[in-house]
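# Descriptive structure summary
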Amino acid sequence: MEITIHQALLDPGLEKVNVGVDGGKIAIITREALPEGDTAIQADGQLLVPPFFEPHFHLDNPLLWGEVNSSGTLREAIQIYARIKKDRDPGDLVRCASIAVRESLAHGVLWFRTHVDIDPSVGLRLLQAVVEVKRKFAGVMDIQVIAFPQLGMARSPETVELMYAAMENGADLVGGIPHHERDMQDAARQVEIIFDIAKKYHAGIDMHVDEDDDPNWQSLELLADKTLQEGYQGRVNASHCCSIAAWDAATFNRIIPKVAAAGVSITTNPLTNLVGQGRGDQPPARRGVPPLDRLVRAGVNVAVAHDDLKNMFYPFGNMNPLYAANVAAHAGYLTTPDLIRQAFEMPGYHAAQVFGIQHYGLQPGYPANLLLLPVQSDLDALRLCPAPTLVMRQGRILARTQVQRTFDDCVPL
Ligand SMILES: [Zn+2]
């Protein structure tokens, strides 16, 4: 056996197992003793889980921390970025994006989706730089690029041509932002255009949807209806969906069953949206995150993503998917054991559904994609958000993190 892992705690059953990896695949998972392989890893009871996903990020703008977003709103962040992005040096973009990708990898992410702004002010320049990052990390991180028409398309008709050009020049999926159109009628027009583009390229769809506090934004319903009408079930993801938190019960009960029926996943971005949304509210205060407990209980597949890293949109972030799941759990009231489990699966099993990944999980015969987390339960993984001590992709060890902590003798036990 090329690699053996000894005494790992297999998630979710938590039995101690030994794992053999050969030819890039998991060859065996057994409770029985396993002879040491060419490389033998002592897991010492660390939790063994499959790797994570980053389903929603913007590689064109991480680490652009500088110009202060005084209001803290999404609107001001977009204005600041609009001033910067026109003159962005592609070399600097690639450098910052690469830092974000490497941080993700160190935290156990092997699959990554990035939006990239496509609009008349930048043309395809940001896309070209992000595609360069995708090529650079090929074989290490699977990066899917989403063409993102930040300014809308009904409102900015020149962007439509650019979106087609983006699909010809390295974009993998079609993005959108219907709530940045003038009204729901124009939002419907944008959704039409998005499906036209997606169908031409047989591409998936991954949109910013209703990232707003206004309950009158209900473009999620347009998207669910259109997905059913076009037979696109399972190939559409809606990110943000903040306005759900402002909907009344009748609206929620009308739209959300359609979302579930259409197989439209919702990826929440609690880190950014908790600081960017709901700032104008008097109580009852909206917090920018859809009611995750109710979505999960309604049978919706909910993933979680980072969205931004230390920039004008969001000052924090560390590319650790467990941290994002932790914040989602806080914002979404995911505090009972079954809901904590759901939160833990958001960057893993749930995001795998977003990506449509086959053979995701820990099974003999599956690719040897796995992580070792230095914790003993899903709750502790969410609570402590540790970096994996080992990140393996197809039998190759790509990253290891060792954190050493010592206490002075004066500190009592
Ligand atoms: Zn976003």
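Here the structure is shown first, and the text comes after it.
Just so we're clear, the structure is a prediction, and the values are computed from it rather than from any experiment.

Moving on, we get to helix H3 (residues 125–136). The end-to-end C-alpha distance of H3, which contains twelve residues, comes to 17 Å, matching closely the 16 Å that a straight helix rising 1.5 Å per residue would cover. Contact partners of the buried residues in H3: helix H1 (74–85), helix H2 (90–106), strand E7 (109–117), strand E8 (142–148) and helix H4 (158–168).

Before going further, it helps to spend a moment on the packing of helix H5 (residues 184–201) against helix H6 (residues 219–229). It is at 10 Å that the axes of H5 and H6 come closest, and there the two elements cross at 35°. H5 and H6 meet at a crossing whose hand is right-handed. Side by side, H5 and H6 meet where Met-184, Ala-187, Ala-188, Val-191 and Phe-195 of the first sit next to Ser-219, Leu-222, Leu-223 and Lys-226 of the second. Class assignment of the residues belonging to the contact of H5 with H6 gives a composition of seven nonpolar, one polar and one charged.

Moving on, we get to the nonpolar core. Of all hydrophobic cores here, the largest spans 127 residues; its most connected members are Val-116, Val-130, Ala-147, Leu-223, Ala-325 and Ala-328. Each of domain 1 (3–50 + 361–399) and domain 2 (52–355) accounts for three or more of the residues forming this core. When residues no more than four places from it in sequence are discounted, the contact partners of Val-116 are Leu-59, Asp-60, Leu-126, Leu-127, Val-130, Val-145, Ile-146, Ala-147 and Phe-148.

With that settled, consider the packing of helix H10 (residues 321–331) against helix H11 (residues 337–355). Viewed as axis vectors pointing N to C, H10 and H11 meet at an angle of 145°, and their least axial separation amounts to 8 Å. When the axes of H10 and H11 are compared, the crossing they make is right-handed. Of the residues in H11, those touching H10 at Pro-321, Leu-322, Ala-324, Ala-325, Ala-328 and Ala-329 are Ile-340, Ala-343, Phe-344, Met-346 and Pro-347. Residues that form the contact of H10 with H11 fall into these classes: eleven nonpolar, no polar and no charged.

So, how was this worked out
Residues numbered from 1 in each chain as written. Predicted model: local features only at pLDDT ≥ 70, side-chain atom pairs only at ≥ 80, totals over all residues. Helix = DSSP H or I, 4+ residues; strand = E, 2+ residues; numbered from the N terminus. Expected span 1.5 Å × (residues − 1). Contact = placed C-beta atoms within 7 Å. Axes fitted to C-alpha atoms, helices over the stretch in contact; angles between N-to-C directions. Left-handed = near helix turned anticlockwise from the far one by under 90°. Nonpolar A, V, L, I, M, F, W, Y, C, P; charged D, E, K, R; others polar. Core = buried A, V, L, I, M, F, W, Y, C linked by C-beta atoms within 7 Å. Buried ≥ 20, exposed ≤ 12 C-beta atoms within 10 Å, placed from the backbone. Domains from an automatic or database assignment.

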